Amino acid sequence: MSEENRAWLLISRPESYFSKDNVKFETIPLPELSKGGFLVRNIWISFDPTQLNWMKRDTYIEKIEIGDPVRSINVGQVVKSNNSKFKVGDIVTGMFGWQDYSISDGSYVDHVIPIPSLNPPWYSLSLFGITGMSAYFGVKDIGRVKEGERFVVSSAAGSVGSIAGQICKIIGARVVGIAGGQEKCKWVINELGFDDCIDYQSENVSQRLSEIFPEGIDVYFDNVGGEILDNILTKIRMKGRIILSGAISSYGSQNFYPLRNYRFLTTRRARMEGFIVTDYYERFGEAYKQLRAWVTDGRIRQKEQLFRGLERAPDIFMNLFTGKNFGKQILQITDYP
Ligand SMILES: NC(=O)c1ccc[n+]([C@@H]2O[C@H](COP(=O)([O-])OP(=O)(O)OC[C@H]3O[C@@H](n4cnc5c(N)ncnc54)[C@H](OP(=O)(O)O)[C@@H]3O)[C@@H](O)[C@H]2O)c1
């Protein structure tokens, strides 16, 4: 086993969006294993917009300390262990960071359950990771979407949005996506079965939504915030629900977009509610069971973009904020055993 641990360390906090100047690629020593600790060789790294928030400030989780490896959710293999629950050879997922090796005490680490038809197991970073879980609990618990309802999702070709829309199609809702570019829109309609999709870069979102749903929208799954959210507030129906998943359009600014139209929530007796997927940690098993059944039946599909090489981590992360990503981005940094 290599004694070297290459890592991307956070050296400054992004002021707006992330840039390569915020990190440094270094070889750092491997810490000693404590009692109950184990060493993970990282194999796949997930990229999630919320990592930008972790770099900037305390949120629902403590910020990343300056000088520490960038925090990320990974899948890896246990290669040394003083912990009876995590044995050498086990495949595990946890917040292991942009580095070759990580030490863990087992907090928030889960075993990856192998699914032969979905091998290799990077689905643990996408459909069975925070993106699939967010889509599932956002739709089921916060949106409580019902058959026949009019459902809209932004960042519709993204990791969370694409799954949320497909779950709503299974429920029997009428599903419209909002995405950046014709290619993404065609994919969600032709490959995922959405009823329609609006390209916010070339179309007037407000006008198109009024044409598609002249009677308004029952549920909006918001991944972007900003102007689109403010506009959809004016179209929300009586007893409508807005699921606040994320606000990526504002992640680069110091101030959030000021909402002018929230008063429609009062007149329409509508609800707008946020959530953080880890609130549902105890219920992940329920979502896993359902999502697994749907994906093995071919009722849910997901696109992945696989990259190789730890040195590429910053470039791949930046794709999330330019829309260059198309599908869940996974970085493989060593061979899968
Ligand atoms: N609440 C939770 O617990 C939770 C958990 C996971 C994720 N989330 C949130 O869910 C959202 C989607 O995350 P994801 O992992 O599925 O990422 P993703 O949608 O796969 O990728 C990010 C996408 O955001 C869009 N985007 C980037 N900058 C934008 C801007 N300025 N305005 C509008 N759209 C922009 C781009 O899509 P287009 O090319 O279509 O513009 C980009 O592809 C994020 O807001 C994230 O923070 C929340």
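What you see is a predicted model; the values in this text were computed from it and never measured. Each chain has its residues counted from 1, running along the sequence as written. It should be noted that, the model being predicted, local features are given only for residues of pLDDT at least 70 and side-chain atom pairs only at 80 or more, the latter also being counted only at that level, while totals for whole chains, interfaces and linings use all residues.

Trainee: Go over the overall build of the chain, please, and point to the residues and values.
Mentor: Note on conventions: DSSP H or I runs of at least 4 residues are helices, E runs of at least 2 residues are strands, and numbering of each starts at the N terminus. Within the chain, the secondary structure is distributed over nine helices and 15 strands. Radius of gyration: over C-alpha atoms. The globule rule applied is 2.2 Å multiplied by the number of residues raised to the 0.38 power. In terms of C-alpha radius of gyration, the chain reaches 20 Å, essentially the compact-globule figure of 20 Å for 337 residues. With respect to the principal axes defined by its C-alpha atoms, the chain has extents near 65 × 45 × 35 Å.

Trainee: Run through the site of the ligand, naming residues and quoting values.
Mentor: Using a C-beta atom placed from the backbone for every residue, we mark a residue as near a molecule or strand if that atom lies within 6 Å of it. Within the structure, the ligand sits among 28 residues, and Gly158, Ser159, Gly180, Gly246 and Gly323 are positioned closest to it. Elements supplying a minimum of two residues to the shell around the ligand: α2 (130-143) and α3 (159-171). Here the nonpolar group is Ala, Val, Leu, Ile, Met, Phe, Trp, Tyr, Cys and Pro; Asp, Glu, Lys and Arg are the charged ones; every other residue, Gly included, is treated as polar. Classifying every residue of the shell around the ligand gives twelve nonpolar, 14 polar and two charged. Throughout, the edges of the domains are those of an automatic or database domain assignment. Both domains that furnish three or more residues to the shell around the ligand are identified here as domain 1 (5-126 + 303-332) and domain 2 (130-278).

Trainee: Can you break down the sheet that holds strand β12 (residues 236-244) residue by residue, with the values?
Mentor: The criterion for strand pairing is that DSSP finds at least two bridges linking the strands in question. Spatially, six strands are ordered β10-β9-β8-β11-β12-β13 in an open sheet, and the strand pairing comes out parallel. For this open sheet the edge positions go to β10 (196-199) and β13 (271-274), each flanked by a neighbour on one side alone. Averaged over all neighbouring strand pairs, the angle between strand axes comes to 15 degrees, with direction disregarded. Two elements, strand β11 (residues 217-222) and β12, share five bridges in a ladder whose sense is parallel. Opposite Tyr220, over in β12, you have Ile242 as the bridge partner. With respect to the sheet, helix α4 (residues 182-190) is in contact with β9 (174-179) and β10, its orientation differing from that of β10 by roughly 170 degrees. Only the contacting stretch of a helix is used when fitting its axis, a line to C-alpha atoms as for every element, and angles between N-to-C directions run 0 to 180 degrees. In this description, any two residues whose backbone-derived C-beta atoms lie within 7 Å of each other are considered to be in contact.

Trainee: Help me get a handle on the nonpolar core, residues and values and all.
Mentor: What we call a nonpolar core is a set of buried Ala, Val, Leu, Ile, Met, Phe, Trp, Tyr and Cys residues whose membership is set by joining through C-beta atoms within 7 Å. Comment: burial labels come from other C-beta atoms within 10 Å of the residue's own C-beta, placed from the backbone, where a count of 20 or more is buried, 12 or fewer is exposed, and between is partly exposed. Val152, Ala164, Val188 and Tyr220 are the most contacted members of the largest nonpolar core, which has 89 residues in total. Mapped onto the domain boundaries, this core takes at least three residues apiece from domain 1 (5-126 + 303-332) and domain 2 (130-278).

Trainee: Residues and numbers for the domain arrangement of the chain, please.
Mentor: When the domains of the chain are assigned, the result is domain 1 (5-126 + 303-332) and domain 2 (130-278). Taking the mean C-alpha position of each, domain 1 and domain 2 sit 29 Å from one another. The partner domain 2 presents 13 residues to the 13 residues of domain 1 that form the contact. Its residues assigned to classes, the side of domain 1 that touches domain 2 comprises seven nonpolar, four polar and two charged.

Trainee: Residue-level account of the environment of Arg312, with values.
Mentor: When you line up the elements, Arg312 lands in the loop between β14 (304-308) and α9 (313-319). What makes Arg312 partly exposed here is the crowd of 13 C-beta atoms within 10 Å. Placed 289 residues apart in sequence, Arg312 and Val23 show a C-alpha to C-alpha distance of 12 Å. Those residues in contact with Arg312 that sit more than four places away from it in its chain are Phe307 and Leu331.

Trainee: Mind laying out the environment of Tyr281, listing which residues take part and the relevant values?
Mentor: Topologically, Tyr281 is positioned in the loop between β13 and α8 (284-296). The class of Tyr281 is exposed, set by 11 C-beta atoms lying within 10 Å. Remark: the alpha-carbon pair of Tyr281 and Tyr108, spanning 173 residues in sequence, is separated by 9.4 Å.

Trainee: Describe the pairing of strand β4 (residues 73-81), and please don't skip the residues or the numbers.
Mentor: Where strand β3 (residues 38-46) meets β4, seven bridges bridge the pair, whose relative direction is antiparallel. In the sheet register, Trp44 faces β4, and the bridge partner there is Val75. Across five bridges, the pairing between β4 and strand β5 (residues 91-95) is antiparallel. Its bridge partner being in β5, Asn74 is matched across the sheet by Gly94.

Trainee: Got a sec to walk through unusual backbone geometry? Specific residues and values, please.
Mentor: With phi around 55 degrees, Tyr108 is a residue other than glycine that occupies positive phi space. Position of Tyr108 among the secondary structure elements: in the loop between β6 (101-104) and β7 (110-111). Notably, Ser155 is not glycine yet its phi reads approximately 50 degrees, a positive angle. With respect to the element layout, Ser155 can be found in the loop between β8 (150-154) and α3.

Trainee: I'd like to hear about the packing of α2 against α3, residue by residue, with values.
Mentor: Two elements in contact, α2 and α3, have axes whose closest approach is 8 Å; the angle formed by their N-to-C orientations is 45 degrees. With respect to α3, the element α2 is oriented oblique. Taken as a pair, α2 and α3 cross one another with a handedness that is right-handed. For the pair α2 and α3, the contacting residues are Thr131, Gly132, Ser134, Ala135, Tyr136, Gly138 and Val139 in the first and Ser159, Val160, Ile163, Ala164, Ile167 and Cys168 in the second. For this classification, under 35 degrees means roughly parallel, over 145 means roughly antiparallel, 65 to 115 means roughly perpendicular, and everything else is oblique. Rotating anticlockwise by less than a right angle from the far helix to the near helix defines a left-handed crossing, while the corresponding clockwise rotation defines a right-handed one.

Trainee: Break down the packing of α2 against α8 for me, citing the residues and quoting the values.
Mentor: For any two helices packed against each other, the geometry is given by the interaxial angle and the distance between the axes. It is at 10 Å that the axes of α2 and α8 come closest, and there the two elements cross at 95 degrees. By the criterion of interaxial angle, the relationship of α2 to α8 is roughly perpendicular. On α8, the residues touching Gly132, Met133, Tyr136 and Phe137 of α2 are Phe284, Ala287, Gln290 and Leu291.

Trainee: Account for α2, with residues named and values stated.
Mentor: Residue pairs spaced three or four apart in an α-helix point in one direction, given the helix's 3.6 residues per turn. Note on bend: the value at a residue is the angle between axes fitted to the seven residues ending there and to the seven starting there. The principal kink in α2, of about 30 degrees, is found at Phe137. With eleven of 14 residues buried, α2 is to be regarded as a mostly interior element. Buried residues along α2 sit against α3, β11, β12, β13, α8 and β15 (328-332). Immediately beyond the C-terminal end of α2, within one or two residues, lies Arg144, with a positive phi of roughly 45 degrees.

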